[in-house]
Amino acid sequence: MRSRFRRNRKGNQIAELAPAIFIILVVFLFPIMVLLYIGLGYACGWFLNHMCTRAAAIVEPAAMPTALASQQAAWQATGLAAFTKATVLSNTATRINLDADPEDDIVRVTTTIQIEPLVMVPFIPLNPLPFTFVGERPVEEQGIK
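Residues numbered from 1 in each chain as written. Predicted model: local features only at pLDDT ≥ 70, side-chain atom pairs only at ≥ 80, totals over all residues. Heavy atoms only, no water.

## Observations regarding a negative patch on the surface
Taken together, the side chains of D99, D101, E103, D104 and E141 present a region of like negative charge at the surface. By the secondary structure assignment, D99 is in the loop between β1 (87–96) and β2 (106–115). (Patch = residues over 30% accessible without salt bridge, like charges linked within 9 Å, V, L, I, M, F, W, Y side chains within 5 Å. Areas by Shrake-Rupley, 256 points an atom, 1.4 Å probe, with all protein chains shown as cover. Salt bridge = Lys/Arg side-chain N within 4 Å of Asp/Glu carboxyl O. Lys, Arg positive; Asp, Glu negative; His and termini not counted. Charge placed at Lys NZ, Arg CZ, Asp CG, Glu CD. Helix = DSSP H or I, 4+ residues; strand = E, 2+ residues; numbered from the N terminus.)

Structure below.
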């Protein structure tokens, strides 16, 4: 009776291949891909915030919306924004006066983006992920008036 349940000496391990591939793909490969993708999306949003903060710090307060729009258009033209399927929900800049001296002003840029999931992992519902970034930078001198 026991001889019936023994494995053939020639092999026949092919029956174990499908469960092994399923475990490797679902438990390891897809979640790691999703984590790397989320990290890339976060870095992509941080880069937009950094570009907008730098651009807003070198222009007059009235020109800040134009500077933000041009940086956002340049960012959306890159391959990273297209790969992560990122959309900008909001991108605003404010100039903050720390004291009475206008040379001590800072610019604060708040950027909110949303990335779409790369793949759908079975049994784990993934929704679009929003990220909010806040960057501050001292206002650069505009020259002698």
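## Here we look at empty space enclosed by the protein
Within this structure, the stated rule accounts for one cavity of 30 Å³ or more. Taken as a whole, the largest cavity spans an internal volume of roughly 50 Å³. Every residue lining the largest cavity is listed: V34, Y37, I38, I115, E116, P117, L118, L126 and L129. Among the elements that make up the lining of the largest cavity, the one with the highest residue count is helix α1 (residues 17–56) (three residues). Residue composition of the lining of the largest cavity, by class: eight nonpolar, no polar and one charged. (1 Å grid on protein atoms, 1.4 Å probe; cavity = no way out; pocket = protein on both sides within 12 Å on 5 of 7 lines; lining within 4 Å. Points joined across faces, edges and corners; volume = space filled by probe spheres on them. Nonpolar A, V, L, I, M, F, W, Y, C, P; charged D, E, K, R; others polar.)

## Digging into the confidence of the model for the protein
Looking at the protein, the pLDDT average stands at 85 and 85% of residues meet or exceed 70. Ranking the helices and strands of the protein by mean pLDDT puts β2 first, with 95, and helix α3 (residues 79–83) last, with 87. (pLDDT = per-residue confidence, 0-100.)

## Focus on the nonpolar core
Membership of the largest hydrophobic core comes to 22 residues, with the highest contact counts inside it found for L48, A56, W75, V107, V109, I113 and I115. Of all the secondary-structure elements, those providing two or more residues to this core are α1, α2 (64–76), β2 and β3 (129–138). Counting residues per element, this core draws most heavily on α1, which supplies seven residues. Residues within four places of V109 in sequence aside, it is in contact with N49, C52, T53, A56, L68, N91, T92, A93, F133, V134 and G135. (Core = buried A, V, L, I, M, F, W, Y, C linked by side-chain atoms within 4.5 Å. Buried < 20%, exposed > 50% of the residue type's maximum accessible area, 1.4 Å probe, protein only. Contact = heavy atoms within 4.5 Å.)

## Some points on the environment of H50
On the secondary structure map, H50 appears in helix α1. H50 sits in the partly exposed class, given a relative accessible area of 31%. Once the C-alpha coordinates of H50 and Q71 are considered, the two residues, 21 residues apart in sequence, prove to be 9.9 Å apart.

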